[in-house]
Amino acid sequence: MSSPTPRDFTRGSDESPPADDLTDFLGLLNELKSTGCNLLVVGDAPRELFTQASSRMFGDDDTVRYRTLAVTDATPESIAERLPDPSESPRPVGETTHVLNHAGALRSVTTATDPNTPPDLAGVKETRIADPQLAGLQAAVVEAIEEFATRAGSLHPGDLRIGIDSLEPLLDFYGEDVVRRCLRIVGGYVRDYDAMAHYVLPKPYDSDVVQTFADDMDAIVEIRLSDSADDGRVGEQRWHVPSRDLSVGWASI
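An account of the accompanying structure is given in this report. (Residues numbered from 1 in each chain as written. Predicted model: local features only at pLDDT ≥ 70, side-chain atom pairs only at ≥ 80, totals over all residues. Heavy atoms only, no water.)

Check the secondary structure of the chain and you find 9 helices and 10 strands. Counting across all 253 residues of the chain, residues that qualify as buried make up 52%. For the chain, long-range pairs separated by at least 24 residues make up 71% of all intrachain contacts whose partners lie at least 6 apart in sequence. (Helix = DSSP H or I, 4+ residues; strand = E, 2+ residues; numbered from the N terminus. Buried < 20%, exposed > 50% of the residue type's maximum accessible area, 1.4 Å probe, protein only. Contact = heavy atoms within 4.5 Å.)

Put into structure tokens, the structure is as follows:
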């Protein structure tokens, strides 16, 4: 995922969760990894912490993953930070990575001739979505999943990773019902291919909009800035599993 481990909770700013809850939670994470899962990443936190959390959910640089990142308001720099380091990736990043650009003002985020493009994005496949309806983004995500599944030939659970950053502009433009329907369709494909998807929504965990999407998610990952002044701008995460009425304490991202 990369997901929390028991050691992570010893570094968090709150007390570790009870042993039984932690055991149940880590067992559930292993289950989600093997069957596919949809995660909502939320919180009242600086955007760089969402980028950091998203990077971890896309997996380690030195492991072959097929990554699709759909962006609505993410910067080219934040895109580059969450994709694998070309020098560490066992496969060319351009073969395993697909960026879907659904920004309001469509401009390339990966073109090497653009002086604002980080070098790590040069050569990454980009699809710019001009369809004004959300169905255009939905179709592009589904096509990317199916394309990677076909190209890979044989996929293990968790080999496919999908991210959408962020849902906020989509909610502002299309409304909750349309976005929720889109995520349900995308989420179905995620589970069909034993993939892992995360959706960034920079809103507080207890906000109405977050709770609206809770029932459709396998888990909600809450992000915050560490309370410890010594940590600087270090992020922490807390996982909630509404269907199991389970939450665990804060752990390092």
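A few words now on the nonpolar core. One finds L40, L167 and Y199 to be the most contacted residues of the largest nonpolar core, which totals 34 residues. Residue assignment for this core shows that the elements contributing at least two residues are β1 (37-42), β2 (66-71), α6 (134-152), β5 (160-165), α7 (168-174), α8 (176-192), β6 (196-201) and α9 (208-214). Residues in contact with L167, not counting those within four places in the same chain, are L40, L183, Y199, V200 and L201. Counting 24 residues, the second largest nonpolar core, distinct from the first, contains L32, C37, F50 and A53. (Core = buried A, V, L, I, M, F, W, Y, C linked by side-chain atoms within 4.5 Å.)

Once that is clear, we can look at helix α3 (residues 47-57). Inspection of α3 places L49, F50, T51, A53, S54 and M57 among the buried residues, and these make up the whole buried set. G59, located one to two residues past α3, shows a positive phi value of around 100°.

A cis geometry characterises the amide bond from D165 onward to S166, with omega recorded as 0°. Here S166 is to be found in the loop between β5 and α7. Although it is not a glycine, D194 sits at a positive phi angle of roughly 50°. Inspection of the secondary structure puts D194 in the loop between α8 and β6. For D245, which is not a glycine, the phi torsion comes out positive at approximately 50°. With respect to the element layout, D245 can be found in the loop between β8 (235-241) and β9 (246-247).

Moving on, we get to the environment of P76. Residue position: P76 is located in helix α4 (residues 76-82). Along the chain, P76 and S108 lie 32 residues apart, while their C-alpha atoms are 9.1 Å from each other.

Before going further, it helps to spend a moment on the packing of aromatic side chains. Here the structure, examined in full by the defined rule, presents 3 aromatic pairs. Both rings, one in F173 and one in Y174, keep their centres 4.9 Å apart while their planes meet at 80°; by these two values the pair is edge-to-face. Assessed through its relative accessible area of 62%, F173 is described here as exposed. Here the guanidinium or amino end of R224 rests over the ring plane of W250, the centre of that ring lying 3.9 Å away. (Phe/Tyr/Trp six-rings, centres within 6.5 Å; stacked < 30°, edge-to-face > 60°. Lys NZ or Arg CZ within 6 Å of the ring centre and 35° of its normal.)

This brings us to the pairing of β2. Counting buried positions along β2 yields 6 of 6 residues, so the element is predominantly enclosed. The alternating pattern of β2 places Y66, T68 and A70 on one face and R67, L69 and V71 on the opposite face, and all of these are buried. Taken together, the 6 bridges between β2 and β5 define a ladder with parallel strand orientation. Each residue of the ladder has a partner; that of Y66, found in β5, is L160. (Pairing = 2+ DSSP bridges.)

As a further point, take the side chain of Q138. Inspection of the secondary structure puts Q138 in helix α6. If we ignore the near neighbours within four places in the chain, the residues touching Q138 are C182, I185 and V186.

What follows covers the pattern of salt bridges. Counted according to the given criterion, the structure contains 14 salt bridges. One salt bridge connects D165 with R47, and the closest N-O pair in it is separated by 2.6 Å. With D165 in strand β5 and R47 in helix α3, this residue pair connects regions lying 118 residues apart in the sequence. Here R47 falls in the partly exposed class, since its relative accessible area comes to 31%. In this structure, D218 and R191 form a salt bridge, with 3.0 Å as the shortest nitrogen-oxygen distance. Placement of the pair is D218 in the loop between α9 and β7 (219-225) and R191 in helix α8, with a sequence separation of 27 residues. (Salt bridge = Lys/Arg side-chain N within 4 Å of Asp/Glu carboxyl O.)

Below, the discussion takes up the environment of P86. Looking at where P86 falls in the secondary structure, it is placed in the loop between α4 and α5 (93-96). Residue P86 is classed as partly exposed on the basis of its relative accessible area, which comes to 42%. For the pair formed by P86 and D120, sequence separation is 34 residues and the distance between their alpha carbons is 7.1 Å. Not counting residues within four places of it along the chain, the set of residues in contact with P86 comprises V93 and D120.

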